[in-house]
Amino acid sequence: MRGGRTELLVCRDLHEMSRRAAELFVRLADTAVSSSGRFTVALSGGATPKGLYTLLAGDQFRPQVSWSRVHLFWGDERCVPPDHPESNYRMVRELLLDRVPIPQHNVHRMPAEDEDPARAGAEYETTLRAFFEVDVGEFPRFDLILLGLGQDGHTASLFPGTAALAETERLVASTDVEQHGTVRLTLTVPVINRAASVVFVVAGEAKASVLRGVLGDKRGPERLPAQRIQPVSGKLWFIVDRAAAKELTLPGARET
Ligand code: 6PG
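Note that the coordinates shown come from a computational prediction; the quantities given were computed from them, not determined experimentally.

**Student:** Got a sec to walk through the nonpolar core? Specific residues and values, please.
**Tutor:** Phe39, Phe142, Leu187, Phe200 and Ile239 are the most contacted members of the largest nonpolar core, which totals 88 residues. For this core, the leading source of residues is helix 1 (residues 14-36), giving ten residues. In contact with Phe142, not counting residues within four places along its chain, are Thr40, Val41, Ala42, Phe73, Leu128, Phe132, Leu187, Val191, Ala195, Ala196 and Ser197.

**Student:** Any details on the packing of aromatic side chains? Residues and values, ideally.
**Tutor:** Where two aromatic rings form a pair, the distance of their centres and the angle of their planes describe that pair. The tally for this structure, following the rule as stated, stands at nine aromatic pairs. Taking 5.2 Å as the distance between ring centres and 70° as the angle between the ring planes, the aromatic pair formed by Phe73 and Phe131 counts as edge-to-face. A residue pair is termed long-range when its members are at least 10 positions apart, and Phe73 in strand 3 (residues 70-74) and Phe131 in helix 4 (residues 117-132) qualify at 58 residues. The exposure classification of Phe73 matches that of Phe131, with both residues buried. Counting every residue linked through ring pairs, the aromatic cluster contains Phe73, Phe131, Phe132 and Phe142.

**Student:** Got a sec to walk through the sheet that holds strand 6 (residues 172-177)? Specific residues and values, please.
**Tutor:** Taken in spatial order, the three strands line up as 4-7-6 in an open sheet, and their pairing is antiparallel. Of all strands in the sheet, those bounded by a partner on one side alone are strand 4 (76-78) and strand 6. Strand after strand, the sheet turns through a mean of 20° between neighbouring axes, direction not considered. When strand 4 meets strand 7 (residues 182-187), the two strands line up antiparallel, connected through three bridges. Residue pairing across strands places Asp76 opposite Thr186, the latter belonging to strand 7. Against the sheet, helix 4 engages strand 6 and strand 7, with an angle of about 155° to strand 6.

**Student:** Let's hear about unusual backbone geometry: which residues, and what values?
**Tutor:** You will see that Glu133, though not glycine, has its phi angle at about 55°, which is positive. Mapping Glu133 onto the fold places it in the loop between helix 4 and strand 5 (144-147). A positive phi angle, near 50°, is found at Ala156, a position not held by glycine. With respect to the secondary-structure elements, Ala156 resides in the loop between strand 5 and strand 6. Taking the relative accessible area as the measure of exposure, Ala156 reaches 12% and is therefore buried.

**Student:** I'd like a description of the side chain of Glu167, backed by residues and values.
**Tutor:** Structurally, Glu167 is set in the loop between strand 5 and strand 6. Residue Glu167 is classed as buried on the basis of its relative accessible area, which comes to 15%. At 2.9 Å, the side chain of Glu167 and the backbone nitrogen of Glu169 are in polar contact. Not counting residues up to four positions away in its chain, the partners in contact with Glu167 are Thr188 and Pro190.

**Student:** Requested: an account of the environment of Trp237, with residues and values cited.
**Tutor:** Here Trp237 shows up in strand 9 (residues 235-241). Residue Trp237 is classed as buried on the basis of its relative accessible area of 8%. Sequence-wise, Trp237 and Phe200 are 37 residues apart; in three dimensions their C-alpha atoms are separated by 6.1 Å. Residues contacting Trp237, with those up to four places away along its chain left out, are Glu7, Leu24, Arg27, Leu28, Ser197, Val198, Val199 and Phe200.

**Student:** Go over helix 4 with me, naming the residues and quoting the values.
**Tutor:** A rise of 1.5 Å per residue sets the reference length of helix 4, with its 16 residues, at 22 Å; its end C-alpha atoms lie 22 Å apart and thus fit the reference within 8%. Taken residue by residue, helix 4 has Pro117, Ala120, Gly121, Tyr124, Glu125, Leu128, Arg129, Phe131 and Phe132 as its buried positions. Against strand 2 (39-43), strand 3, strand 6 and strand 7 lie the buried residues of helix 4. The distance from a side-chain oxygen at the start of helix 4 to the backbone nitrogen of Ala118 is 3.1 Å, and the residue carrying that oxygen is Asp116. Trailing helix 4 by a residue or two, Glu133 shows a phi angle of about 55°, which is positive.

Calculation rules
Residues numbered from 1 in each chain as written. Predicted model: local features only at pLDDT ≥ 70, side-chain atom pairs only at ≥ 80, totals over all residues. Heavy atoms only, no water. Core = buried A, V, L, I, M, F, W, Y, C linked by side-chain atoms within 4.5 Å. Buried < 20%, exposed > 50% of the residue type's maximum accessible area, 1.4 Å probe, protein only. Helix = DSSP H or I, 4+ residues; strand = E, 2+ residues; numbered from the N terminus. Contact = heavy atoms within 4.5 Å. Phe/Tyr/Trp six-rings, centres within 6.5 Å; stacked < 30°, edge-to-face > 60°. Pairing = 2+ DSSP bridges. Axes fitted to C-alpha atoms, helices over the stretch in contact; angles between N-to-C directions. Polar contact = N/O pair within 3.5 Å; in protein donor to acceptor, adjacent residues only side chain to side chain. Expected span 1.5 Å × (residues − 1).

Shown next, in the form of structure tokens:
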């Protein structure tokens, strides 16, 4: 495990993982709203967080969140229209936004339908700089950034061998992901690393090998993009299920 600010939570299964992530979301939201009056979150796409979003919209967790104080952003997006089956926004809208009382102006979608991805990235960067009141050279500090983990070690849309991985100035990068035949927008490493809390949700046996690599392998960070996620001063959580943790032999792994 890396540093004292990293916590690994091993859960029985995907549902338990989603539940623990929902509990953490509520706790972080409560803390942020109490201290600053708002809770700023960048959401992950992919399939793993779907259970979390479903729980947050459900009767147990929805009432525990002050949704009018929550501001939702995206950690990455596929360059498709917002109603496209591949859209991370559409997935979150269906599972969460349509079911919780969050004001529309608190939802800050990436304009990924723009046929010019670089322009879309620049536009989202402008949105972030205005919202967080940060100038060029400064970075926003999200209260929470939620991340998934791909089998190749990518996270958000920071894929191995792409220029976005090396970005140190911009907040948002557009990236041509040849491995997937898609173009995407992604928050950059320096933005993610300045979050107060970064939470990876990882589930399934197919992720066991890459999770071991991310958590246990000290080789160069460029080998696995997710290894570059090391919060400057924030806390890092890995909330995983037993199947994903099956190759881990690390001390400090808490079973739930
Ligand atoms: C996306 C995500 C991406 C995802 C990983 C894991 O837009 O797809 O941001 O980084 O988190 O690919 O995806 P699964 O959760 O579907 O395994």
